[in-house]
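A look at the structure
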Amino acid sequence: MSQRTDRLDSQIRQELMELLQREMKDPRLGFATITRVETARDLGHARVWVSVLGSEIERERTMSALRVATPWLRRKLGERLSLRHVPVLTVREDDSIASGDRVLQIIQELSGESVETPPDDAEEG
């Protein structure tokens, strides 16, 4: 990635978070965080990665609300950013935080099991 697209990604991410927190009024929108934005080299498309907390149904509702709102979000970005062409937004769910939590939970379970089982040497003595 070039320095220009990195800056644009950061700026889009920041503006989208601002829009989600302050201006988007959809009741289906749950607790969503824009984790990263990846803009194509030609600046025509941008993938927006969103992490959503909640149950499976809540996550689906939130992602649906965001997908429906992408034209509105793109229009708002055009008003806020000085770009000749605002990239087309594609919203994707980022499950890396949930995956990380699951890995930590597994590690904790495994370490808890190893602590609870007595060592082999204790049985002999």
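For the structure, check the block above.
Only a predicted model underlies this, so the values are computations on that prediction, with no experimental measurement involved.

**Describing the pairing of strand β2 (residues 45–53)**
Across eight bridges, strand β1 (residues 31–39) lies against β2 in antiparallel orientation. Directly across from F31, in β2, lies its bridge partner L53. Between the antiparallel neighbours β1 and β2 lie five residues, among them L43 with a positive phi of about 65 degrees. Summarising the sheet, β2 and strand β3 (residues 88–93) pair through six bridges and their orientation is parallel. Bridged to H45 within β3 is V88.

**Quick notes on helix α1 (residues 3–22)**
Helix length check: α1 (20 residues) gives 29 Å between terminal C-alpha atoms against 28 Å at 1.5 Å per residue, within 8%. Those residues of α1 that fall on the buried side of the exposure criterion are T5, L8, D9, I12, E15, L16, M17, L19 and L20. Looking at the buried side of α1, the elements it contacts are β1, β2, α2 (56–80) and β3.

**Points about the sheet that holds β2**
Strand order in the open sheet formed by three strands is β1-β2-β3, with mixed pairing between adjacent strands. Looking at strand neighbours, the two that pair on one side only are β1 and β3, the edges of this open sheet. Averaged over all pairs of adjacent strands, the angle between their axes in this sheet comes to 30 degrees, without regard to strand direction. Taken strand by strand, α1 contacts β1, β2 and β3, and its axis lies near 155 degrees from that of β1. Packed on one face of the sheet, α2 meets β1, β2 and β3 and runs near 160 degrees to β3.

**What to know about the pattern of salt bridges**
Considering all chains together, one arrives at 11 salt bridges under this definition. Among the charged side chains, a salt-bridge network with shared partners connects E15, E23, K76, E79 and R80.

**Section: the nonpolar core**
Ranked by internal contacts, the top residues of the largest apolar core, which has 25 residues, are L16, I34, V50 and L66. Counting only elements with at least two residues in this core, the list comes to α1, β1, β2, α2 and β3. Of the residues forming this core, the biggest block, six residues, is contributed by α1. For L66, the residues in contact, after removing those within four places along its chain, are L20, M24, L29, V50, L73 and V91.

Conventions adopted
Residues numbered from 1 in each chain as written. Predicted model: local features only at pLDDT ≥ 70, side-chain atom pairs only at ≥ 80, totals over all residues. Heavy atoms only, no water. Pairing = 2+ DSSP bridges. Helix = DSSP H or I, 4+ residues; strand = E, 2+ residues; numbered from the N terminus. Expected span 1.5 Å × (residues − 1). Buried < 20%, exposed > 50% of the residue type's maximum accessible area, 1.4 Å probe, protein only. Contact = heavy atoms within 4.5 Å. Axes fitted to C-alpha atoms, helices over the stretch in contact; angles between N-to-C directions. Salt bridge = Lys/Arg side-chain N within 4 Å of Asp/Glu carboxyl O. Core = buried A, V, L, I, M, F, W, Y, C linked by side-chain atoms within 4.5 Å.

Remember that the coordinates give geometry; whether it matters functionally is a separate question.
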